[in-house]
Amino acid sequence: MIDTAELIEAPFVIELEQFSGPLDLLLTLIRDERVEITDIPIARICEQFLARIHSLGLSDAAEYLEMAARLLRIKVQMLLPRHGSGDEWEDPRAELVRRLLEYQQMREVVDLLERRGDDRRERLGRGVTLIEPVRPTRPLSLALPELLAAVDRVLRMARKPVLHDIVPRALDVDGAIETIRALLHLRATARFSDIVSAGAEPWRILSALLALLELARRGELRVRQRRPFGTMDIARDTAGEAA
Amino acid sequence: MTPLAKLLEAALFSSGHPVPLDELRALDPDASAAAVAMALDELREHYDTGGHGVELVEIAGGWQILTRPEFTETIERVQLAVRPQRLSSAALETLAIIAYRQPIGRAEIEEIRGVAVGSMLRTLLERGLIDVVGRAEGLGRPMLYGTTPAFLEQFALRHLGELPRADELAVALRSEPRAL
Amino acid sequence: MTPLAKLLEAALFSSGHPVPLDELRALDPDASAAAVAMALDELREHYDTGGHGVELVEIAGGWQILTRPEFTETIERVQLAVRPQRLSSAALETLAIIAYRQPIGRAEIEEIRGVAVGSMLRTLLERGLIDVVGRAEGLGRPMLYGTTPAFLEQFALRHLGELPRADELAVALRSEPRAL
């Protein structure tokens, strides 16, 4: 017989913070100020945002700081002289407005879920315990590859490398650095796909990326991407070599 | 009550979760879908008019017997049963995004919420409210998440379609922020 | 039914075990012992004469609502015949940790998973895939979990040694297609 007491749930997600994130705080400020999301008085809201994260002790939280920086940047952009006629001017607030509207819509769904969840919690289901005579349970659809895929996910998600003894392969940044150096010794330029073949394992891709960043930092090469997600052009940095 | 209604009551009473409709139908292979629907109606009406402490509710593509709300506090006070904990609003935000955008990856959720959601996802996974439903293309093949039947169960939704459509929400996303 | 009988029905339904008389009496401090006994009688008679699929029985010094025996066989048959259930990915991950680290305690699993795993352990215990295989030394002598013969059967393994060794996992996992 199993002692169910040990299995009783730990209390679930207790609300510790007043705001669930920087967008929540920002939306609250906008509501308190009774201003339009689409026409935010950015200087005023920015000032209040900074004051609130300071008073809430959130000044160390990366996501709040990131939002504060974004607001400051928009504030500066708003002060810049506008180039071109009115139609061509792109409002620096546009991206923030889009995100706030999206977030506000999601908060509406949250309110709905909250109501439905509270309503459901007011009703109790049939109590079933492990002490009851065990009934034949439904068949289970489960095969070995699924279990092994789960092992793989555990390895990826583990906060600490507690299972490091079964990590299939560690990163090899030094090896990747040697490969890239050898390649750039032969050719002045290369592409990322020259270094990492299509279908390479993640550890190889990651090793190559880290190696590139390290070599760029050391001034041995330059990396250029013509457009987001485009191929990376890698060039020997002759200036760095000469130094 | 009719024999079919009695059989359905026995099956519904013995389950702590909603019993899927196809399972209820399988109880009596000779009964038509209409007969099962009628017997469920009969049972629901019996609970509603006969003055019972329980009621029959349609949830997550099935049916479940639940206690009536007026008794919950009393039952909880004498510790015969406990209500599940409420979800935090951060957890609800994450769930709402996943419900509307599934299958969705972690990066996209963080983009909308503006905060890191790694530990929140682990908690929701552990609670069985979401699950990994696939892998995206691209570096590292990030996992994609979707809601589970337990999500519908916890919010007493019959199906996902019961959530308002995006354009029915007060703030419709489609409308671009007006040009200033 | 009387309000007290309705309250007793809701309480007995939501409790997973037989409820002793004194706990039922605690539900309504104003009700006398005789009134509670009468309400229980009322409930039992309602189930017996109204043609219900459940009955009220006195077991092990307490009261419990149970499915009538004539229906249990049908319900069990249907449960076995319905489409197979799937384990959630979170449950599978917990199972994977137990398979490779057994015997292992709950705290150690939670250390790896980073969240409470009580509900997952419960699911796996209910499915008979794991069991308590011992107790650890130390404070509270926590339970240790391991896999069962049903686990081997589920994966068609003759013994645990047939699971890929840790260092062979990379090969075993490579069958999954990867994309850049």
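Basis of the calculations
- Residues numbered from 1 in each chain as written.
- Chains lettered and ligands numbered in written order.
- Predicted model: local features only at pLDDT ≥ 70, side-chain atom pairs only at ≥ 80, totals over all residues.
- Heavy atoms only, no water.
- Helix = DSSP H or I, 4+ residues; strand = E, 2+ residues; numbered from the N terminus.
- Expected span 1.5 Å × (residues − 1).
- Buried < 20%, exposed > 50% of the residue type's maximum accessible area, 1.4 Å probe, protein only.
- Arc of directions from axis to C-beta.
- pLDDT = per-residue confidence, 0-100.
- Contact = heavy atoms within 4.5 Å.
- Salt bridge = Lys/Arg side-chain N within 4 Å of Asp/Glu carboxyl O.
- Pairing = 2+ DSSP bridges.
- Axes fitted to C-alpha atoms, helices over the stretch in contact; angles between N-to-C directions.
- Phe/Tyr/Trp six-rings, centres within 6.5 Å; stacked < 30°, edge-to-face > 60°.
- Parallel < 35°, antiparallel > 145°, perpendicular 65-115°, else oblique.
- Left-handed = near helix turned anticlockwise from the far one by under 90°.
- Nonpolar A, V, L, I, M, F, W, Y, C, P; charged D, E, K, R; others polar.

Draft legend 1. Examining helix α6 (residues 173–186) of chain A more closely. Residue and element names in this part refer to chain A. Helix length check: α6 (14 residues) gives 20 Å between terminal C-alpha atoms against 20 Å at 1.5 Å per residue, within 8%. Every buried residue of α6 is listed here: A176, I177, I180, L183 and L184. One side of α6 holds all its buried residues, which, seen down the axis, span an arc of 130 degrees. Residues of α6 that are exposed and point more than 90 degrees away from the buried face comprise D174, H185 and L186.

Draft legend 2. Inspection of the confidence of the model for chain A at higher detail. Residues and elements named next belong to chain A. Model confidence for chain A is summarised by a mean pLDDT of 75, while 71% of its residues fall at 70 or above. Below pLDDT 50 for its whole length, residues 1–16 participates in 36 contacts with residues either more than four positions away or in separate chains. Counting contacts from residues 159–168, a segment whose pLDDT is below 50, to residues more than four positions away or on other chains yields 19 contacts.

Draft legend 3. How the structure looks around the pattern of salt bridges. In total, this model carries 37 salt bridges over all chains according to the counting rule given. Note that D91(A) is salt-bridged to R93(A), the shortest N-O span being 2.8 Å. Looking at D91(A), the relative accessible area reads 8%, which means it is buried. Between E93(B) and R107(A) there is a salt bridge, and its shortest N-O distance comes to 2.5 Å.

Draft legend 4. Inspection of the sheet that holds strand β2 (residues 54–59) of chain C at higher detail. All names here are of chain C. Read across the open sheet, the three strands follow the order β1-β3-β2; overall the sheet is antiparallel. At either margin of the open sheet sits one strand with a lone partner, and together these are β1 (19–20) and β2. In this sheet, strand β3 (residues 62–67) lies alongside β2 in antiparallel orientation, the contact comprising six bridges. Bridged to E58 within β3 is W63. Against the sheet, helix α3 (residues 33–49) contacts β2 and β3, and its axis sits at roughly 140 degrees relative to β2.

Draft legend 5. Structural detail: the packing of aromatic side chains. This structure, assessed with the given rule, holds three aromatic pairs over all chains. Residues F13(B) and F13(C) carry aromatic rings whose centres are separated by 5.0 Å and whose planes lie at 80 degrees to one another, so their mutual orientation is edge-to-face. Of this pair, F13(B) sits in helix α1 (residues 3–13) while F13(C) sits in helix α1 (residues 3–14), which puts the two residues in different chains. For F13(B), a relative accessible area of 1% puts it in the buried group. Ring geometry for F151(B) versus F155(B): centroids 5.2 Å apart, planes at 50 degrees, classification tilted. Each member of the pair F151(B) and F155(B) is classed as buried.

Draft legend 6. Here's a closer look at the packing of helix α2 (residues 42–55) of chain A against helix α3 (residues 62–79) of chain A. All names here are of chain A. The N-to-C vectors of α2 and α3 enclose an angle of 155 degrees; their axes lie 9 Å apart at closest approach. Between α2 and α3, the angle is such that the two are roughly antiparallel. Every pair of crossing elements has a handedness; the one defined by α2 and α3 is left-handed. Of the residues in α3, those touching α2 at I42, A43, C46, F49, L50 and I53 are Y64, L65, M67, A68, L71, L72, I74, K75 and M78. Here the contact of α2 with α3 is built from residues that sort into 14 nonpolar, no polar and one charged.

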